[in-house]
Amino acid sequence: MGKIRIEDIKPGMVFEKTVYIDSGTIFVPPMVPVKKEDIDRLRKWGIEELETEGEEIKSIGHVTKDMGDEVKDRIAIEKEETQRIDYGSLFSRGVKLLEELFDHVKSGTVFDKKLLLDFANEIISSTKQDKEGGIHEVSKDHEGKYLYILGVGVAILSAITGLTLGYGDDRLTDLVSGALIHDIGMVRVPIYITEKKGKLTPDEYNRIKTHTIYGYRIAMRELGFDSRVANIPLQHHEAFDGSGYPRGLKGNAILQEAKIVNICDVYMALIKKRSYREEHLSYQAMKIILSGANRKFDPLIVKAFLSNMAIYPVGSLVQLSNNTIGRVTKANPALPLRPQIQVLVDEFGNFIKDEKIIDLEKEKNLYIIKPLPKDYLDRK
């Protein structure tokens, strides 16, 4: 970025791109004139220079109608760019954090709860800005142990669902913290069971069930959470119809936050590949969850969860009616069967190097005939 000295900034100046005080703090957006009070504030703070990738343009008073349209376009682009979250980095840091947490609990050493709370709030902040990016990220393959990947993915989806249900910040923090540690009780289950590749015996399955009780104890006694958070690992395998565990709670006797984590946990488990089965496609996982409404899952939570999940999620591979293969780049909430598609293989079977986008809302003659496994192109 280019530097601008404060003494060179004058009232009425307009820049073609955002001007920053530092990498994360905006001074003025693009095409917005600088005010005298803005400059006075900088001097009061002792700031000596600003940063921008753009250049100064003519006074705002000379902006034509065409330039005004351009201003709107640029502001929209800038807004989209500032809202884009680096979910890849967020997810990787979350996996590492959970690895450290599990190691501390296993060894009986103290873990700083504030690290979890801070990360929970970072997830909340990110999902407030970009829900779609979070949903896309959880569907990707990540490096790390399954339980840690599951924990971060469930936390992101839980935050998105909590936002849909209108949760305030404090309740969101409890929800996401509980989601991050929902499987922490697994550290008390023998490794030969948790990492077994084949089907569990009835005795082994009963031992797995104890992770909910252990999770509650660890959350309360070792991590210092109160019951609002600790009940999430305890109750996240309870079922709406009373068929869950460990206590067979039913309906509204189950904490709503635990119901959210339950659905998100099931979805994440379904879309991840395991040693004993292939992963389900996103739409298949959603169908399974929908089939459990009124029985395993609270229909209110199912509705909130699915309202954020596109039939063809961003990042998923699909085949069009003309045999084109593409990746969904943008969902279409109004017309969920007609998202935007980036063409990867054309109708003649040729791989496309240059970016080509098909908007199915506009291309009425084309439609999606089926979703494809995410490794489909690797097989070709």
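Residues numbered from 1 in each chain as written. Predicted model: local features only at pLDDT ≥ 70, side-chain atom pairs only at ≥ 80, totals over all residues. Heavy atoms only, no water.

### Some points on the packing of aromatic side chains
Working definition: an aromatic ring pair is given by the centre-to-centre distance plus the angle between the planes.
1) Next: According to the stated counting rule, one finds three aromatic pairs in the structure shown.
2) Next: With 6.3 Å between their ring centres and 85 degrees between their planes, Tyr205 and Tyr245 make a pair best called edge-to-face. With a gap of 40 residues between them, Tyr205 in helix α9 (residues 202–209) and Tyr245 in the loop between α11 (227–235) and α12 (256–271) connect regions that are remote in the sequence.
3) Next: Ring plane angle 65 degrees and centroid distance 5.4 Å describe the contact between Tyr267 and Phe305, whose orientation is recorded as edge-to-face. Of this pair, Tyr267 sits in helix α12 while Phe305 sits in helix α14 (residues 299–306), and the two are 38 residues apart along the sequence.
4) Next: Under the relative-accessibility criterion, Phe305 is labelled buried at 1%.
5) Next: Here the guanidinium or amino end of Lys113 rests over the ring plane of Phe225, the centre of that ring lying 5.2 Å away. (Phe/Tyr/Trp six-rings, centres within 6.5 Å; stacked < 30°, edge-to-face > 60°. Helix = DSSP H or I, 4+ residues; strand = E, 2+ residues; numbered from the N terminus. Buried < 20%, exposed > 50% of the residue type's maximum accessible area, 1.4 Å probe, protein only. Lys NZ or Arg CZ within 6 Å of the ring centre and 35° of its normal.)

### Topic: the packing of α12 against α14
1) Next: Where α12 meets α14, the axes come as close as 10 Å, and the angle between the chain directions of the two elements is 55 degrees. Judged by the inter-axis angle, α12 sits oblique to α14. The handedness of the crossing between α12 and α14 comes out as right-handed. Two secondary-structure elements touch here, α12 through Gln256, Lys259, Ile260, Ile263, Cys264 and Tyr267 and α14 through Leu300, Ile301, Val302 and Phe305.
2) Next: A breakdown of the residues in the contact of α12 with α14 according to their chemical character gives eight nonpolar, one polar and one charged. (Axes fitted to C-alpha atoms, helices over the stretch in contact; angles between N-to-C directions. Parallel < 35°, antiparallel > 145°, perpendicular 65-115°, else oblique. Left-handed = near helix turned anticlockwise from the far one by under 90°. Contact = heavy atoms within 4.5 Å. Nonpolar A, V, L, I, M, F, W, Y, C, P; charged D, E, K, R; others polar.)

### Looking at the packing of α11 against α12
1) Next: Taken N-terminus to C-terminus, the directions of α11 and α12 make an angle of 45 degrees; their axes are 8 Å apart at the nearest point. One element, α11, and the other, α12, form an angle in the oblique class. Between α11 and α12 lies a crossing of right-handed hand. For the pair α11 and α12, contact is made by Asn231, Ile232 and Gln235 and by Glu257, Ala258 and Val261, respectively.
2) Next: Broken down by class, the residue content of the contact of α11 with α12 amounts to three nonpolar, two polar and one charged.

### Describing the side chain of Asp346
1) Next: With respect to the element layout, Asp346 can be found in the loop between β9 (340–345) and β10 (357–359).
2) Next: Buried within the structure, Asp346 lacks any salt-bridge partner; Lys356 is the closest side chain of opposite charge, at an N-O distance of 7.1 Å.
3) Next: Setting aside anything within four residues of it in sequence, one finds Asp346 in contact with Asn323, Thr324 and Ile352. (Lys, Arg positive; Asp, Glu negative; His and termini not counted. Salt bridge = Lys/Arg side-chain N within 4 Å of Asp/Glu carboxyl O.)

### Regarding the pattern of salt bridges
1) Next: As enumerated under the stated definition, the model contains 14 salt bridges in all.
2) Next: Among the salt bridges present, the one from Lys140 reaches Glu137, with a minimum N-O distance of 3.3 Å.
3) Next: Relative accessible area serves as the criterion here: at 36%, Lys140 is assigned to the partly exposed category.
4) Next: The partner of Glu195 in a salt bridge is Lys145, with the nearest N and O atoms 3.3 Å apart. One end of the pair, Glu195, is in the loop between α8 (191–194) and α9; the other, Lys145, is in the loop between α5 (131–138) and α6 (146–164), and 50 residues separate them in sequence.
5) Next: Its relative accessible area of 45% is what places Glu195 among the partly exposed residues.
6) Next: If you follow the salt bridges from partner to partner, you end up with Arg5, Glu7 and Asp8 in one network.

### A short note on the environment of Gly242
1) Next: Along the chain, Gly242 turns up in the loop between α11 and α12.
2) Next: Distance in space between the C-alpha atoms of Gly242 and Ala253 is 9.5 Å, their sequence separation being eleven residues.
3) Next: When neighbours within four sequence positions are excluded, Gly242 is seen to be in contact with Gly248, Leu249 and Lys250.

### Some words on the sheet that holds strand β11 (residues 368–372)
1) Next: Strand order across the open sheet formed by five strands is β10-β9-β8-β7-β11, with antiparallel pairing between neighbours. Each edge of the open sheet is held by one strand with a lone partner, namely β10 and β11. Adjacent strand axes in the sheet meet at a mean angle of 40 degrees, parallel and antiparallel pairs treated alike.
2) Next: The pairing of strand β8 (residues 325–330) with β9 spans five bridges and is classified as antiparallel. (Pairing = 2+ DSSP bridges.)

### As for the confidence of the model for the protein chain
1) Next: Here the protein chain averages 86 in pLDDT, while 88% of its residues score no lower than 70.
2) Next: Across residues 59–72 the pLDDT falls below 50, and counting only partners more than four positions away or on other chains, this stretch makes twelve contacts in the model.
3) Next: Low pLDDT (under 50) marks residues 74–82, which in the prediction has nine contacts with non-local residues, meaning those over four places away or in another chain. (pLDDT = per-residue confidence, 0-100.)

### Concerning the side chain of Asn332
1) Next: Relative to the assigned elements, Asn332 resides in the loop between β8 and β9.
2) Next: Residue class for Asn332 comes out buried when judged on its relative accessible area of 13%.
3) Next: A polar contact is formed between the side chain of Asn332 and the side chain of Glu361, at a distance of 3.0 Å.
4) Next: Contact partners of Asn332, with chain neighbours within four places excluded, come to Arg338, Pro339 and Glu361. (Polar contact = N/O pair within 3.5 Å; in protein donor to acceptor, adjacent residues only side chain to side chain.)

### Re α6
1) Next: A rise of 1.5 Å per residue sets the reference length of α6, with its 19 residues, at 27 Å; its end C-alpha atoms lie 27 Å apart and thus fit the reference within 8%.
2) Next: The buried fraction of α6 amounts to 16 of the 19 residues, a majority that puts the element mostly inside the structure.
3) Next: A positive backbone phi angle near 85 degrees is found at Gly166, which sits one or two residues after α6. (Expected span 1.5 Å × (residues − 1).)

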